[in-house]
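Spelled out, the chains give:
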Amino acid sequence: MLWGSNARETHPIFFHHVLQGLKRGARLYSVDPRRTSTAQWADGWLGLDVGTDIALANAIGREIIAAGLENRTFIDRATTGFAAYRHTVEPYTLQRAEEITKVPAALIKQLAHAYARADRAQLCWTLGITEHHNAADYVYALINLALLTGHVGRYGSGLCPLRGQNNVQGGGDMGAIPAKLPGGYDLGDDDARARFEQAWSAAISAQPGMHLSQMFEAMERGELRALYCIGENPAESEANAGHARHLLGSLDILVVQDIFRTATAELADVVLPAAADWCEYEGTVTNSERRVQRVRKAIDPPGQAWPDSHILCALAERLGHAWGRPSAEQVWDELRSLSLKWHHGMSYPRLEALGGLQWPCPSEDHPGTPLMHARLWETDPELRGPAAPFVPVEHVPPVDELTDEFPIRLTTVRLLDAYNSGVQTGGYMSPMRRREALRMDATDAAKLGIRDGERVRVTSRRGSVEAPVAFDPSLRPGLASFTPHFSEEVDTNLITNDAWDPKSGTSEFKATAIRIDKLTPAVASG
């Protein structure tokens, strides 16, 4: 099941393996507001309204329970909270779910039975789930389905958030999360924090830091006056980007460290040119299956560019700390000495010899852990460990309400040959490259008197942009889409919704309310 994921375009190598599975008899269901190129390969496409995923997931769960297809043995032995979950999903009948989601009740029932009866089933998702104001609840709703059916902790069954780049997982594992230390330790873990404090000769607060959305709110309050931005382009990638640019411009000092001179770098007081560490320095990356692999230097960085770690060590030296210039392997070995559960057994020689290892890997004689959560199937309670909790969640509509003034739902999407704000891909030509346009349903356009290719004004509660229209058969009436890839053509994030999820900090890029206006002849021709 691919939920909120157009993997055919956004994860093409992964989807190649999906296609191989389909050739061998696997079944695919796509849950997505658009009938994407991924959905065209599916046995069933559940084209739900944007922002109704929890209602759909709860209805699937209710149908599984009503049909007696839940895995009671697994539930009783390995989970907690089932009674509360059953009570929460009970009102989400197939008929009510159809009213909320616009997915036919029969198709919801078909997916529920197929998922529950499957010998093995995977549930994968991407930004279509996580870019909502209650994104964490969306994820809980999907996890509940896996716990309900026992599709977790077994080979070929599981839950998988498909990462957008090859080292997103690694960034989080190294501590780029406000409430975590490297190695996945909670900041509130006194023993782990003490170990890091001793190694770093510094006190570490047990209180989580700010995530990106909180940082911008702190800028607005005047509490955050200096920002050091490494490998991020918030001037273009943040929702409600006009407001974000205003706040970035109001800082006392902005330092940007990047491999490109991004729009954020243009606002900076200091720009530190960094090496492209994937080819200009040594190191590791961690992929979606937790596999740590070596990266090897192929070429020297250009001009004044330095590897990120060298820049940070040089800055530390100017601040009075003699860190020297440790090699990538020395930095990794320090991590291994502190990440005792995940990385301790992953020496460079082992990573070289084995082509990578999957954490947890706590010792040098440990083979790594290809399969997570297998412990939940242990019959011995001590080996099974803590139970996996059901987390009941309720449907809540998007913050940006559809009204007579803003009657169309805009969602952001990605293309096969481009990535995010276009920093990494915009400088390259592609035979698949298409100009940015407002993709919309032809019947909606006809009601507005808009022709294919006509330039229009798109307005949300935050601002307006102008763009040509392109009719798109993958979009249903009431739904339109932009990409964030080409801000020089259409500055999409000027109008996206910056309401954010209090649990994850992610803005609701996927659900903006807009109206579409024809331009006057003078504006259109100008």
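Residues numbered from 1 in each chain as written. Predicted model: local features only at pLDDT ≥ 70, side-chain atom pairs only at ≥ 80, totals over all residues. Heavy atoms only, no water.

Looking at the overall build of the chain
Here is the rule: Here a helix means four or more residues in a row that DSSP labels H or I, a strand means two or more in a row labelled E, and each is numbered from the N terminus. In this setup the radius of gyration rests on C-alpha atoms only. A globule is expected at 2.2 Å times the number of residues raised to 0.38. Partly exposed residues are those whose accessible area sits between 20% and 50% of the maximum for their type, while under 20% is buried and over 50% is exposed, using a 1.4 Å probe and protein chains only. Here a residue-residue contact requires only that any non-hydrogen atoms of the pair lie within 4.5 Å. Only the protein chains shown count as cover for residues, and all accessible areas are computed by the Shrake-Rupley method using a 1.4 Å probe. His is not counted, nor are the chain ends; Lys and Arg add positive charge and Asp and Glu add negative charge. Positions of charges follow a simple convention, taking NZ of Lys, CZ of Arg, CG of Asp or CD of Glu.
A count of helical and extended segments in the chain gives 22 helices and 19 strands. The globule rule puts the C-alpha radius of gyration for 526 residues at 24 Å, and the 24 Å found for the chain is close to it. With the C-alpha coordinates aligned to their principal axes, the bounding extent of the chain is approximately 65 × 65 × 45 Å. The 526 residues of the chain split such that 50% are buried. Of all intrachain contacts in the chain linking residues separated by at least 6 positions in sequence, the fraction that spans at least 24 positions is 66%. In the form shown here, the chain has an accessible surface area of approximately 24,700 Å², with 53% of it arising from carbon and sulfur atoms. On the chain, the mean spot of the 53 positive side-chain charges and the mean spot of the 66 negative ones are 5 Å from each other.

A short note on the sheet that holds strand 16 (residues 455-459)
The pairing of strands in a sheet comes from backbone hydrogen bonds and takes either a parallel or an antiparallel form. Spelled out, the test is: Strand pairing is assigned whenever DSSP identifies at least 2 bridges connecting the two strands. Only C-alpha atoms enter the line fits that serve as axes; for helices the fit covers just the stretch in contact. Angles between N-to-C directions range over 0 to 180 degrees.
On the basis of which strands lie adjacent, the closed barrel formed by six strands has the order 14-18-15-17-16-19 and mixed pairing. The average undirected angle you get between the axes of adjacent strands in this sheet is 45°. When strand 16 meets strand 17 (residues 464-471), the two strands line up antiparallel, connected through five bridges. Paired with Arg 455 across the bridge in strand 17 is Pro 468.

Here we look at the pattern of salt bridges
Definition in use: The working definition used for a salt bridge is a side-chain nitrogen of Lys or Arg within 4 Å of a carboxyl oxygen of Asp or Glu.
According to the stated counting rule, one finds 30 salt bridges in the structure shown. Glu 266 is the salt-bridge partner of Arg 261, the closest N and O atoms lying 3.1 Å from each other. Residue Lys 518 pairs with Glu 454 through a salt bridge whose shortest N-O separation is 2.7 Å. In this pair, Lys 518 is assigned in strand 19 (residues 512-518) and Glu 454 in the loop between helix 21 (442-448) and strand 16, connecting sequence segments 64 residues apart. On the accessibility criterion, Lys 518 (39% relative accessible area) is partly exposed. Residue classification places Glu 454 among the buried residues on the basis of a relative accessible area of 11%.

As for the nonpolar core
Generally speaking, nonpolar side chains in soluble globular proteins are found buried as a group. Applied cut-off: Nonpolar cores are built from buried Ala, Val, Leu, Ile, Met, Phe, Trp, Tyr and Cys residues. Side-chain atoms within 4.5 Å join them into one set.
Membership of the largest hydrophobic core comes to 52 residues, with the highest contact counts inside it found for Trp 3 and Ile 60. Elements supplying a minimum of two residues to this core: strand 2 (29-31), helix 3 (53-66), helix 4 (72-78), helix 5 (82-89), helix 6 (94-101), helix 7 (105-117), strand 5 (122-125) and helix 9 (135-149). Not counting residues up to four positions away in its chain, the partners in contact with Trp 3 are Val 31, Asp 53, Leu 56, Ala 57, Ile 60, Leu 123, Cys 124, Trp 125, Thr 126, Ile 129, Leu 142 and Leu 145. Core analysis: the next-biggest nonpolar cluster, separate from the first, contains 17 residues, Leu 438, Val 456, Ala 467 and Ile 514 among them.

Considerations on the pairing of strand 17
The sheet contact formed by strand 15 (residues 438-440) and strand 17 spans three bridges and is parallel. Paired with Arg 439 across the two strands is Ala 470, which belongs to strand 17. In this structure, the hairpin formed by strand 16 and strand 17 is closed by a connection of four residues.

Section: unusual backbone geometry
In this structure, Pro 360 follows Trp 359 across a cis peptide bond, with omega equal to 0°. Within the secondary structure, Pro 360 sits in the loop between strand 12 (357-358) and helix 20 (381-384).

Treat this as a map of the structure, not an account of what it does.
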